[in-house]
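Each chain, letter by letter, is given below.
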Amino acid sequence: MKNIFYALFALVLISCDSNLDVIVEDNFDFKITTEQKEISFIGEEIKTTIKINPERVVKGTKYYFSYELNKGKGLYKMDGSTLIPGEEYELNSLEVEVVYIAEEPEENEVKIKVRNDSDLETEKLVYYKVVDLNDFKINLTKLTGDEVYFAEDIEFNLEIEKLPGELEDDLTYELKSIKQSLQGVLLVDGNELKLNEKITGLSEGKLSFIFSSTEVGNLELGFLVKASNGKEYEVKVDFVVKKTEVDLKITPSKTSNYVAYQTDFNIEVLKIGVEKLTFELSFDGSKGQLKDGTKTYLNTQVFDIDEGLHKMQYIGSEGSIIPIQFTLTASNGASVVLYVDFEVKESSFTSLITPSSNDNYIGEKTKFNVDINHIGAGDTNYEMYFTGANAEILKDGVVYKNSDIIPLGIGRSGFNYKGLEITKEPIKFVIKGPNGISKTQEISFESKPTDFEVTLGSDSFSNFYQFNLSSSFNIVPPDVKNQFLEYKFYYETNGLGTTSLTEFNTGVSITPGELLDMGSIRRGNISIVQTGVEKPQKGEIKFVFIDSNGVKVEKTATVDWYGN
């Protein structure tokens, strides 16, 4: 009442002067009250009503709102704008609505303040109980194993299970396909779901999935399950889609037989998987034929065969110990190769090739003996060829090159082998009998370089710069018996300007880099002159000697053309 009296008294005094404006200060106390939910979700906009209850309403009084966080983490918004803690905001009425958004699931304590423009202030503690959003989990149940064969359906279930919470909320869910590593068709509860498509409006419970793959490999299916409250989880489902496997079992009634004799073969075609397949079979290796009733199949011929057990007859056309190679191919590309040991017997032979030495100089002849022992009756004409290093064979006055056919008879015969290149590559001899049987023998042999020596008259040339440099060289060839070696040489200089060289036995002059053919001459006498400006200079000269087989020897000498 005292406040009212003072206010009226001041009003009377002021009104005595009609030229003064009337100013009324609001010094009346006021209270604030708030209304909000008892419990809310994190991130939820919690409507909070703030009511200002003054002792008396004075027109024109302004009120200001501010707040501080004592506990928890969150913020206020008013009319869509975020309010900063500690900052004051003018209120446009005695009853305003703000929203509080909590950022942590715990009890949030906020101290709010309301001040009027007469600096009267009231505080109030506001409590918000905040809980986390309703959560859920995805339960995966595989109805088929981790590995399935092609054309076999992949089945699994995903169950959406909402976890109990302090505050319950009705949720709906959406399922989105976010990954599919193999091509195929995915059905969810019987409806097709393509990659990056989604199903909405789902509730808790089980979803049935069936995936039919159109290719093999590692399958990874990925899904994003999102609840209406924003909670979401990714689910990954892995399988291995295997190609339908095939197998082949073949059992001959015996392990050997003679040419033209029939042997029963039991052939079983097996499939592992559910895919419908057709099959093709072929054989190779030992030359012959395979009979199935009235049908006859030859080497490498491809023919249709059904799944199951078959009895066929194999007839060898020539003697052979080479395993028979059977190849089964399925319509899905799967294949299996099976080798069956089976000997077709006929007249045969043994052979042995023996060199007199396992090395020699390139171009030299080495004696080889070949022994052929014919077993059985029939033709005794044999032939041989060789591969490997570049070489030639001289037999009975005829020269044979690599891969040339060389006629042979039974018993022992000989030939001369001459290597045409420097190599350690083995020689591969193939001897073929009259019945088509071939035998191969590899022989280690080295064709060595015709290394030779060169000596210079001196390894240091010197003279007055206006005079020639004279020297000599001597070539010492290797001890070869079947060839006559010839030699060439050239020279190079370093730091000597332009020069020329004359060899007096041949009478030939050359410049650096030019070849001088010595032929059969083993000793040379040389003179080197300056062909440009004659002046004192020092340097080096290198001689490169080459024999008729391409073998090189280098010799170097120092040069000193001195002055006064």
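Relevant structure appears above.
Residues numbered from 1 in each chain as written. Predicted model: local features only at pLDDT ≥ 70, side-chain atom pairs only at ≥ 80, totals over all residues. Heavy atoms only, no water.

## What to know about the overall build of the chain
Consideration 1: Along the backbone of the chain there are 1 helix and 52 strands.
Consideration 2: The globule rule puts the C-alpha radius of gyration for 564 residues at 24 Å, and the 53 Å found for the chain is more than 25% above it.
Consideration 3: Its C-alpha atoms put the chain at 155 × 105 × 30 Å along the principal axes.
Consideration 4: Scored against the burial criterion, the 564 residues of the chain give a buried share of 37%.
Consideration 5: Relative to all contacts within the chain whose residues are 6 or more apart in sequence, the contacts with residues 24 or more apart total 65%.
Consideration 6: A total accessible area of about 30,700 Å² is found for the chain, and carbon and sulfur atoms account for 46% of it.
Consideration 7: A distance of 5 Å separates the average location of the 58 positive side-chain charges in the chain from that of its 90 negative side-chain charges. (Helix = DSSP H or I, 4+ residues; strand = E, 2+ residues; numbered from the N terminus. Rg over C-alpha atoms; globule rule 2.2 N^0.38 Å. Buried < 20%, exposed > 50% of the residue type's maximum accessible area, 1.4 Å probe, protein only. Contact = heavy atoms within 4.5 Å. Areas by Shrake-Rupley, 256 points an atom, 1.4 Å probe, with all protein chains shown as cover. Lys, Arg positive; Asp, Glu negative; His and termini not counted. Charge placed at Lys NZ, Arg CZ, Asp CG, Glu CD.)

## Topic: the packing of aromatic side chains
Consideration 1: Counting across every chain of the model gives 38 aromatic pairs.
Consideration 2: The interplanar angle of 50° and the centroid separation of 6.0 Å between the aromatic rings of phenylalanine 368 and phenylalanine 445 together place this pair among those described as tilted. Of the two residues, phenylalanine 368 sits in strand 34 (residues 365-375) while phenylalanine 445 sits in the loop between strand 41 (438-443) and strand 42 (446-448), which places them 77 residues apart along the sequence. In this pair, the class of phenylalanine 368 matches that of phenylalanine 445, namely buried.
Consideration 3: Where phenylalanine 452 meets tyrosine 487, the ring centres are 4.9 Å apart and the plane angle is 65°; that geometry is what we call edge-to-face. Here tyrosine 487 lies in strand 46 (residues 487-494) and phenylalanine 452 lies in the loop between strand 42 and strand 43 (453-456), a separation of 35 residues in the sequence. (Phe/Tyr/Trp six-rings, centres within 6.5 Å; stacked < 30°, edge-to-face > 60°.)

## Some points on the pairing of strand 1 (residues 30-35)
Consideration 1: The two faces of strand 1 differ: Phe30, Ile32 and Thr34 on one face are buried, but Lys31, Thr33 and Glu35 on the other face are not.
Consideration 2: The sheet contact formed by strand 1 and strand 3 (residues 45-54) spans 6 bridges and is antiparallel. Bridging from a neighbouring strand, threonine 34 pairs with isoleucine 50 of strand 3. (Pairing = 2+ DSSP bridges.)

## What about the pattern of salt bridges?
Consideration 1: Here the structure, examined in full by the defined rule, presents 17 salt bridges.
Consideration 2: With a shortest N-O distance of 2.9 Å, aspartate 371 and arginine 412 are connected by a salt bridge. With a gap of 41 residues between them, aspartate 371 in strand 34 and arginine 412 in strand 39 (residues 411-419) connect regions that are remote in the sequence.
Consideration 3: Since its relative accessible area comes to 59%, arginine 412 is described here as exposed. (Salt bridge = Lys/Arg side-chain N within 4 Å of Asp/Glu carboxyl O.)

## Observations concerning the pairing of strand 35 (residues 382-387)
Consideration 1: Residue alternation in strand 35 divides its side chains into a buried set, Tyr382, Met384 and Phe386, and an unburied set, Glu383, Tyr385 and Thr387.
Consideration 2: As defined by bridge partners, strand 35 adjoins strand 38 (residues 406-408) across 3 bridges and the pair is classed as antiparallel. Paired with methionine 384 across the two strands is isoleucine 406, which belongs to strand 38.
Consideration 3: Sheet topology note: the strand 35/strand 40 (residues 427-432) ladder contains 5 bridges and is antiparallel.

## Considering the environment of asparagine 564
Consideration 1: Its place among the elements puts asparagine 564 in the segment after strand 52 (552-562).
Consideration 2: Under the relative-accessibility criterion, asparagine 564 is labelled exposed at 94%.

## Brief notes about a negative patch on the surface
Consideration 1: Taken together, the side chains of Glu280, Asp304, Asp306 and Glu307 make up a negatively charged region of the molecular surface.
Consideration 2: Here aspartate 306 is to be found in the loop between strand 27 (303-305) and strand 28 (308-316). (Patch = residues over 30% accessible without salt bridge, like charges linked within 9 Å, V, L, I, M, F, W, Y side chains within 5 Å.)

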